[in-house]
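Reading the structure
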Amino acid sequence: MATGSTADLENRVAELERELKDVRLRLAALERLMGAGAEHPADNTTVRKKVVYDWQA
């Protein structure tokens, strides 16, 4: 009985590892699609205004 339970647990862990790998691949693809890491134009404008203000002060 314990062997069957252990085998079921091992199968479940293997299945979860496959799902996790798939989720990581999908997330990486979405990040590439959306241009993750690129600065949003509104953020870029705000930073430039702050730099100019600080420089003038």
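As a reminder, the structure under discussion sits directly above these lines.
Residues numbered from 1 in each chain as written. Predicted model: local features only at pLDDT ≥ 70, side-chain atom pairs only at ≥ 80, totals over all residues. Heavy atoms only, no water.

This part is about the overall build of the protein chain. On a plain count of helices and strands, the protein chain comes out with 2 helices and 0 strands. Classification of the 57 residues of the protein chain by burial places 0% in the buried group. Only carbon and sulfur atoms are counted for the fraction: they give 61% of the accessible area of the protein chain, which is about 5600 Å². (Helix = DSSP H or I, 4+ residues; strand = E, 2+ residues; numbered from the N terminus. Buried < 20%, exposed > 50% of the residue type's maximum accessible area, 1.4 Å probe, protein only. Areas by Shrake-Rupley, 256 points an atom, 1.4 Å probe, with all protein chains shown as cover.)

With 16 residues, helix H2 (residues 41–56) extends 23 Å from end C-alpha to end C-alpha; this agrees with the ideal 22 Å at 1.5 Å per step. Little of H2 is tucked away: 0 of the 16 residues are buried. (Expected span 1.5 Å × (residues − 1).)

Attention shifts here to the pattern of salt bridges. Pairing of side chains with opposite charge becomes possible as their charged atoms draw close. Applying the stated criterion to the full structure yields 2 salt bridges. A salt bridge links Glu15 to Arg12; the nearest nitrogen and oxygen atoms lie 3.4 Å apart. Linking Glu15 with Arg12, this pair stays in helix H1 (residues 2–34), spanning 3 residues, or about one helical turn. Its salt-bridge partner being Asp22, residue Arg26 comes within 3.9 Å of it at the nearest N-O pair. With a gap of 4 residues between them, Arg26 and Asp22 both fall in helix H1, about one helical turn apart. (Salt bridge = Lys/Arg side-chain N within 4 Å of Asp/Glu carboxyl O.)

On the surface, Leu30, Leu33 and Met34 cluster together into a nonpolar patch covering about 390 Å² of accessible area. Inspection of the secondary structure assignment puts Met34 in helix H1. (Patch = residues over 30% accessible without salt bridge, like charges linked within 9 Å, V, L, I, M, F, W, Y side chains within 5 Å.)

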